[in-house]
Amino acid sequence: MFRRLERLKADKSQTEDDLIEEELKNLQLLKKHGYLIGRVGRTFRNTTVRKECNNGIIEWDPDKLALSPEPEDINQENVSNTQDLVEFTYNEIKDARWFYDTPGIIKQDCILNLLTSEELKVVMPYSGIIPRTYVLQPGMVLFLGALGRIDFLKGEESAWFSVVASNKIPVHITRLEKADSIYKTHAGKTLLGVPIGDEERMKKFPPLVSQDIELDGIGTLEAVADIKFSSAGWIAVTAHSNDRIHLRAYIPAGIGLMVEKPPLLPFIVGVKGERIKKSAAYKLKKQLPFVQNITTHKKNANVADLLK
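Let us look at the structure shown here. Nothing here was measured: the structure is a model prediction, and the numbers come from that model.

Rules behind the numbers
Residues numbered from 1 in each chain as written. Predicted model: local features only at pLDDT ≥ 70, side-chain atom pairs only at ≥ 80, totals over all residues. Heavy atoms only, no water. Patch = residues over 30% accessible without salt bridge, like charges linked within 9 Å, V, L, I, M, F, W, Y side chains within 5 Å. Areas by Shrake-Rupley, 256 points an atom, 1.4 Å probe, with all protein chains shown as cover. Salt bridge = Lys/Arg side-chain N within 4 Å of Asp/Glu carboxyl O. Helix = DSSP H or I, 4+ residues; strand = E, 2+ residues; numbered from the N terminus. Buried < 20%, exposed > 50% of the residue type's maximum accessible area, 1.4 Å probe, protein only. Phe/Tyr/Trp six-rings, centres within 6.5 Å; stacked < 30°, edge-to-face > 60°. Lys, Arg positive; Asp, Glu negative; His and termini not counted. Polar contact = N/O pair within 3.5 Å; in protein donor to acceptor, adjacent residues only side chain to side chain. Contact = heavy atoms within 4.5 Å. Pairing = 2+ DSSP bridges. Axes fitted to C-alpha atoms, helices over the stretch in contact; angles between N-to-C directions.

1. Quick word on a nonpolar patch on the surface
1) Next: On the surface, Ile93, Trp98 and Tyr100 cluster together into a nonpolar patch covering about 400 Å² of accessible area.
2) Next: Mapped onto the elements, Ile93 comes out in helix H3 (residues 90–93).

Next up, the structure:
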């Protein structure tokens with residue numbers, strides 16, 4: 001434990017100047033993309049290669065584990081710059097337990113595979129998501145950037161659409177008769193945000209593929225289903241009781257479009273502020289963290305009352 005503590009202290013004091021050029025280059029690249037970076041160290045290491053097996057004989061030097069009053073040179077077994085690394089010996093693996101860290105698996109039905117690194121920075125949230133809710137009438141369309149589109153085709157009454165996606169992705173509401181023109185004109189530009197580029201970028205981007213969806217509303221306080229746009233996010237749909245609504249959802253190349261029942265957050269429609277005048281949108285309502293709620297309550301109540 002002492003040697004492990006010393007190794008951890010040495011690793012903690014290491015700076016970027018101590019890294020080799022290739023490792024520093026990889027570190028800087030990963031930091032730009034928001035990766036969590038760390039290193040798995042090893043306290044006990046052999047410095048010589050054993051040519052023969054131990055034949056089942058366990059050899060152990062207790063002096064290596066003894067605590068010495070003399071300061072130990074913690075750099076003599078520095079792992080980071082060691083070039084002559086050796087294989088594990090029999091003593092090290094006979095009672096070992098293995099942990100396998102596999103690389104991320106690329107899913108074929110993931111919309112993120114279609115995006116550039118610049119576009120991923122917009123689609124992948126870097127902070128807490130604040131749901132955005134819109135009330136639509138039949139004949140209206142909701143764009144989630146140029147990555148997703150929902151047409152509200154039929155319904156007896158209005159319905160609510162709560163967007164759960166990165167708040168950097170623009171949401172645009174329009175009429176059904178204008179939707180195709182808006183996509184053609186503004187896809188790849190500022191209004192729809194993602195993808196990012198010009199006409200050349202959109203020529204390489206797959207066209208939107210539609211899927212018809214019918215849902216039966218269960219009330220204005222609870223969503224009936226989530227429409228999932230692959231890894232870009234989802235939209236919770238809330239409709240009046242017994243109101244059957246007909247929707248048409250679009251996603252590039254039809255990749256990863258799913259209808260989830262029951263919804264992940266059934267009462268998310270309640271997480272909204274007042275409706276903005278002459279708009280389909282509601283004001284954002286940021287939820288306070290639990291600890292902050294407790295702190296606020298303590299101003300008006302005793303601690304004993306909170307524990308009841």
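2. Concerning the pattern of salt bridges
1) Next: Applying the stated criterion across every chain yields a total of seven salt bridges.
2) Next: A salt bridge links Arg149 to Asp180; the shortest N-O distance between them is 2.9 Å. One end of the pair, Arg149, is in strand E3 (residues 148–154); the other, Asp180, is in helix H5 (residues 176–186), with 31 residues separating them in the sequence.
3) Next: Judged by relative accessible area, Arg149 falls into the buried class, the value being 5%.
4) Next: With a closest N to O distance of 3.8 Å, Glu214 and Arg244 form a salt bridge. One end of the pair, Glu214, is in strand E6 (residues 208–216); the other, Arg244, is in strand E9 (residues 244–252), with 30 residues separating them in the sequence.
5) Next: A single network of salt bridges, built from pairs that share partners, joins Arg149, Asp151 and Asp180.

3. A few points about the packing of aromatic side chains
1) Next: The full count for this structure, using the stated rule, is two aromatic pairs.
2) Next: Note on Phe143 and Tyr183: the rings are 6.5 Å apart at their centroids and 15° apart in plane angle, and the pair reads as stacked. Pair noted here: Phe143 is in strand E2 (residues 140–144) and Tyr183 is in helix H5, with a separation of 40 residues, a long-range link. By the burial criterion, Phe143 is buried, and Tyr183 matches it.

4. Digging into the side chain of Asp226
1) Next: Within the secondary structure, Asp226 is located in strand E7 (residues 225–229).
2) Next: It turns out Asp226 is buried and unbridged, and the closest side chain with the opposite charge, Lys228, is 9.4 Å from it.
3) Next: A polar contact of 2.7 Å, which involves the side chain of Asp226, links it to the backbone nitrogen of Leu264.
4) Next: In this structure Asp226 touches Trp234, Ile235, Ala236, Met258, Val259, Glu260, Pro263, Leu264 and Leu265, once residues within four positions along its chain are discounted.

5. What about the sheet that holds strand E8 (residues 233–239)?
1) Next: Pairing in this open sheet of five strands is antiparallel, and the strands run E1-E4-E8-E7-E10 from one edge to the other. The open sheet has two edge strands, strand E1 (132–136) and strand E10 (257–260), and neither has a second partner. The sheet shows a mean angle of 20° between the axes of neighbouring strands, direction not considered.
2) Next: In terms of strand pairing, E7 meets E8 through four bridges, oriented antiparallel. The residue bridging Ala225 from the neighbouring strand is Val237, located in E8.

6. Brief notes about the sheet that holds E3
1) Next: In spatial order, the strands read E5-E2-E3-E9-E6; together these five strands make up an open sheet with antiparallel pairing. Only two strands of the sheet have a single partner each, and these edge strands are strand E5 (171–175) and E6. Between one strand axis and the next, the sheet turns by 20° as a mean value, whatever way the strands run.
2) Next: As judged from the four bridges shared by E2 and E3, these two strands associate in the antiparallel manner. If you follow Leu144 over to E3, its bridge partner there is Gly148.

7. A short note on the pairing of E2
1) Next: Summarising burial for E2: five of the five residues are buried, a large majority.
2) Next: Both faces of E2 are covered, namely the face carrying Met140, Leu142 and Leu144 and the face carrying Val141 and Phe143.
3) Next: Strand direction decides the pairing type here: E2 and E5, joined by five bridges, are antiparallel. When the bridges of E5 are listed, Leu144 appears paired with Val171.
4) Next: If you look at the hairpin formed by E2 and E3, you'll find three residues sitting between the two strands, and Gly145 has a positive phi there, around 55°.

8. Some remarks on the environment of Ile218
1) Next: Turning to its location among the elements, Ile218 is positioned in the loop between E6 and E7.
2) Next: For Ile218, a relative accessible area of 44% translates into the label partly exposed.
3) Next: Considering only alpha carbons, one finds Ile218 and Ala239, 21 residues apart in sequence, at a separation of 6.5 Å.
4) Next: Discounting chain neighbours no more than four positions away, the residues touching Ile218 are Ala223, Val224, Ala239, His240 and Ser241.

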